[in-house]
Amino acid sequence: GPPAPAARQAQKQQAESTGATSAARLPGRMAPRKSLATVVVLVGCCVGPGACADEEEDRRASQFGCTSFEDTQGFGLQSKIGPYLEDGFCASEEPTNEWEDIFNMCSAFCGEGRLPVPLGTPTNGLNLEDMDKICLGDGPNNVALFGEYNETLMRECRKGYMALELIKTRAADVVKEISLLHLEQLKFRVVMKQAIEAITATVSNEEFLQDLQLTDRAVRIMKYKERLHAIIDDNFYSLNAKPNLEAAMTRIKVAVAELANQLGRKEAILRSYVEDCGRPILAISAAEEYLLDICVQDSPRCLGDQTANGAVYHVGCCCGTMPATGIFDIVAYAEREARRLQGEDGDSTVDIGSIPDAIGIGIEVCFEAQWKAKSAKAALEEELRSSEQGTELLRMYNEALAAKYPIWIQECPADRRLAADRPPGAANGAANGTASALARDPLEGVAASLAAVGADSLENLRGRRAQGDTTKLACEPPGATTVSGLGEDIVVAFSKDTDDDLCRLLPPLTDGEDLRSTIDLSGQCEAFCGDEAVPLLLGGINFGFNHTAMDTVCINSDIVTTDQDRVDQCLKNSEAFQDVDIKVAAFIQSLTELNLAKILYESAVKAKLPEMRTKIEEEGDETLMYANNERKAEEYSAFLRDQVLKSVGANSQPALNYKVALDNMLVKAQALKDSVDAAVVAYTDFLENCGELFTGVGPDQEYLLDLCSQSSLACVEETSATHAGCCCGYMPYMSVGKEQTTVDSIPGISAASLRDGSGEARVGGRRLSQLPDYYDICGSVWQESTEMFEDFHNDLGEYDKSIFEAWLAKLNARYPDAKLCLFDPPEIPPTPAPTP
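Because the structure is predicted, anything quoted here is derived from the model rather than measured.

Chemist: Just checking my understanding: could you explain the side chain of serine 652 for this structure?
Modeler: Among the secondary structure elements, serine 652 is positioned in the loop between helix H21 (632-644) and helix H22 (653-689). Within the structure, the side chain of serine 652 is placed 2.7 Å from the backbone oxygen of glycine 649, a separation counted as a polar contact. Those residues in contact with serine 652 that sit more than four places away from it in its chain are Lys646 and Ser647.

Given below as structure tokens:
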């Protein structure tokens with residue numbers, strides 16, 4: 001066995017005194033120290049209080065005199081001296097005489113989430129050249145455990161990781177702006193409702209009606225159009241409704257353009273990142289330390305002693321990491337920090353779980369978007385709540401999202417609840433079964449009104465028709481506009497009872513009325529125009545206009561532009577927004593899948609450490625002991641690769657799954673790039689050509705609804721006619737952000753509240769507002785990820801969950817409003833038993 005410490009010290013002093021070893025400093029070796037304590041050891045006694053204790057510490061500090069050294073392949077990488085290297089030989093000193101302690105020191109040196117590679121055992125070691133073959137490579141012999149060392153690869157992987165983080169930031173900006181656009185659209189809807197209320201109030205105002213009666217019929221429409229124009233200006237321009245909506249659209253365009261820019265600039269880097277960084281490679285510290293020199297094996301010589309000709313055997317450690325997981329370097333705990341990790345009581349277990357990770361969690365796109373939008377969202381919601389209409393629309397919006405995306409909108413249990421207060425009204429609809437506005441029958445208000453008053457008269461009217469009773473007006477809807485050379489194939493529509501009787505004699509549609517009122521006509525107009533167009537009521541119960549006069553408002557006026565080709569192009573361009581939404585959602589879902597695969601891989605590494613440690617302890621020593629000196633590196637590397645690291649190496653299932661997730665992310669990123677590249681062009685055209693009110697046209701090319709006649713049986717196209725009518729000012733900006741873009745700008749007479757199944761347009765009353773089917777990017781991601789999370793938790797079940805819990809803690813630290821329950825196992829309803 002090795003000589004006793006005192007004998008080794010005496011041998012070293014004798015060698016130095018006889019000149020066997022030069023006092024000049026050798027590579028990897030410290031110059032001999034000639035202290036008083038050394039002299040005291042030679043004479044065999046201690047002088048003064050504490051002298052022996054001081055001597056012992058000094059002796060242990062200079063047992064072999066080894067210092068850090070560079071690698072043998074010229075990369076300039078540095079070694080790090082282990083905390084117990086100078087204490088004595090591996091097999092004769094604690095804690096290096098225990099294999100478990102050596103493995104734990106190696107794990108502490110590497111850090112959590114890395115692959116520790118112990119190079120040797122307490123009884124068998126390797127020389128530096130063999131260690132470097134295993135850790136750095138050996139050219140054509142393919143000995144390297146992690147492939148040939150490439151000093152630029154890790155730097156490129158880090159650039160790829162940061163490129164992906166920047167792309168995620170830009171994606172979060174897009175999600176943020178789209179979510180804020182939805183609220184701006186709600187504000188615009190409030191203004192549209194205020195506009196129709198102002199128009200209704202105008203046509204019901206006695207003073208205004210008297211003024212119109214005193215005006216010549218030929219110019220009466222001009223006075224009415226002036227009032228309409230003033231209402232539009234007051235509501236859409238003076239209150240900044242249209243400019244605010246346009247600004248929101250512009251911010252989306254800027255965000256998408258920046259995302260496209262980053263995807264284009266980082267495309268090559270991202271591709272290399274996926275191809276080259278999804279496998280374990282050698283990791284070094286920030287100080288370029290690659291190897292931990294743990295203990296001396298069989299001679300009092302240093303590992304870096306170049307005069308030893310490979311005859312020096314130590315136990316060492318190097319580390320691997322998969323850089324695509326966001327871990328690029330090692331923590332390199334090795335000096336007396338490792339002692340402190342073990343504790344002063346001599347406990348030999350290094351708590352590698354207490355070693356901090358070298359990298360954060362990265363950006364979570366949806367939570368980043370929420371955080372960025374938080375203040376602007378609060379301000380917009382406050383504006384909406386400042387009016388009754390806005391409060392109602394916001395409630396409906398939140399309830400609609402809760403019904404459509406219950407996973408994303410859910411409340412977390414008290415012990416997992418970390419999110420900000422949920423928007424008012426968003427919880428009860430889904431949780432308590434309260435019917436949301438979208439779930440209600442849009443005609444329930446009308447049905448109630450008819451049941452309360454006028455139901456009999458309406459049934460009588462239907463009865464007369466069933467008996468062949470003729471209508472009062474013998475009219476057909478005009479098949480064209482009155483404007484020559486317009487080039488637009490658009491027509492007039494009748495309501496179900498347009499030709500039944502005069503306006504004031506038609507049955508009521510509003511509770512508390514005996515006959516039809518201007519409010520009823522206003523409700524019909526709203527139904528005809530839908531929720532994305534401004535209803536332009538032309539006339540009322542007591543006054544009206546003929547077709548030609550109505551067209552001065554509805555066709556290429558100072559209120560609306562009539563250009564169906566432009567509207568069609570606007571609707572087509574708005575589909576580019578929808579496509580970007582869908583591609584962003586798919587990209588975010590791939591990032592979520594990548595995160596979960598990363599957690600599983602790191603959990604697998606941590607879970608397999610005891611198994612790896614046992615495998616090396618049981619078979620590694622024998623592999624080294626029986627291998628020929630010239631083949632120790634080859635055989636030990638093959639043993640590590642094929643036996644020890646097979647469950648966490650490049651070909652392990654967790655690593656392959658992560659690589660699949662990386663490849664999928666790249667595919668989704670490329671699809672997103674193609675989408676945003678096309679969208680930037682479409683957005684530009686959309687903003688330049690679609691920011692005004694256009695004449696709304698329905699599925700049957702109807703642009704004008706003839707509601708009823710005031711004072712005669714004359715048809716609307718006749719010069720003497722005085723009819724109440726309705727046309728619509730459609731704003732294409734309102735088509736953005738929906739689940740599906742419609743091909744028509746207004747519902748026209750096909751609106752749900754105007755149907756009765758008879759094939760004729762139904763007389764609709766004032767209906768409950770109905771919002772479009774909004775598409776929420778993050779809601780879609782979580783709603784479509786149930787199976788993915790179920791698989792994740794099934795796979796995680798076999799591992800220690802500490803990595804996952806630590807990731808959640810970091811997520812909460814970065815995003816305090818994040819709902820951690822989104823990452824809980826999904827509640828999958830049981831499959832019903834088959835029916836016998």
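More follows now that the structure is in view.
Chemist: When you look at the packing of aromatic side chains in this model, what are you seeing that I'm missing?
Modeler: Each aromatic ring pair is summarised here by two numbers: the centre-to-centre distance and the angle between the ring planes. Applying the stated criterion across every chain yields a total of 22 aromatic pairs. For the ring pair phenylalanine 543 and phenylalanine 545, a centre distance of 5.7 Å and an interplane angle of 90° mean the geometry is edge-to-face. Both residues of the pair, phenylalanine 543 and phenylalanine 545, belong to the buried class. Between tryptophan 782 and phenylalanine 823, the aromatic rings sit 5.9 Å apart at their centres with planes inclined by 85°, giving edge-to-face as the arrangement.

Chemist: What should I look at first to understand the confidence of the model for the protein chain in this one?
Modeler: The predicted structure's coordinates, where accompanied by low pLDDT, should not be read in detail. The share of residues in the protein chain with pLDDT of 70 or more is 77%, and the mean pLDDT across the chain is 79. A low-confidence stretch, residues 417-469 (pLDDT under 50), is modelled with 78 contacts involving residues beyond four sequence positions or located in other chains.

Chemist: Just checking my understanding: could you explain helix H20 (residues 564-626) for this structure?
Modeler: Between the first and last C-alpha of H20 there are 86 Å, a value that for 63 residues agrees with the 93 Å anticipated at 1.5 Å per step. Of all bends in H20, the biggest is about 40°, found at glutamate 619.

Chemist: Please clarify how the nonpolar core should be interpreted in this entry.
Modeler: One broad rule of soluble globular proteins: the nonpolar side chains tend to lie buried together. Leu119, Tyr224, Leu538 and Phe823 are the most contacted members of the largest nonpolar core, which totals 217 residues. When residues no more than four places from it in sequence are discounted, the contact partners of phenylalanine 823 are Glu364, Phe367, Trp782, Phe789, His793, Phe804, Trp807, Leu808 and Leu811. Listed in part, the 7 residues of the second largest apolar core include Ile81, Leu85, Phe89 and Val296.

Chemist: Explain the pattern of salt bridges here, please?
Modeler: When the charged atoms of two side chains with opposite charge come close together, those side chains can pair. Summed over the entire model, instances satisfying the criterion amount to 31 salt bridges. Put simply, arginine 114 and aspartate 329 hold a salt bridge, and the shortest N to O gap is 4.0 Å. Of the two residues, arginine 114 is situated in the loop between helix H4 (99-110) and strand E2 (115-119) and aspartate 329 in the loop between strand E5 (314-321) and helix H11 (336-342); the sequence distance between them amounts to 215 residues. With a relative accessible area of 1%, arginine 114 lands in the buried category. A residue is classified by how much of its surface remains accessible, and aspartate 329, at 17% relative accessible area, is buried. The partner of lysine 606 in a salt bridge is aspartate 800, and the shortest N-O contact between them spans 4.0 Å. With lysine 606 in helix H20 and aspartate 800 in the loop between helix H24 (786-796) and helix H25 (802-814), this residue pair connects regions lying 194 residues apart in the sequence. Owing to a relative accessible area of 41%, aspartate 800 belongs among the partly exposed residues under this scheme. Residues participating in the shared-partner salt-bridge network are Arg170, Asp173, Glu258 and Lys372.

Procedures and definitions
Residues numbered from 1 in each chain as written. Predicted model: local features only at pLDDT ≥ 70, side-chain atom pairs only at ≥ 80, totals over all residues. Heavy atoms only, no water. Helix = DSSP H or I, 4+ residues; strand = E, 2+ residues; numbered from the N terminus. Polar contact = N/O pair within 3.5 Å; in protein donor to acceptor, adjacent residues only side chain to side chain. Contact = heavy atoms within 4.5 Å. Phe/Tyr/Trp six-rings, centres within 6.5 Å; stacked < 30°, edge-to-face > 60°. Buried < 20%, exposed > 50% of the residue type's maximum accessible area, 1.4 Å probe, protein only. pLDDT = per-residue confidence, 0-100. Expected span 1.5 Å × (residues − 1). Bend = angle between axes of the 7 residues up to and from the residue. Core = buried A, V, L, I, M, F, W, Y, C linked by side-chain atoms within 4.5 Å. Salt bridge = Lys/Arg side-chain N within 4 Å of Asp/Glu carboxyl O.

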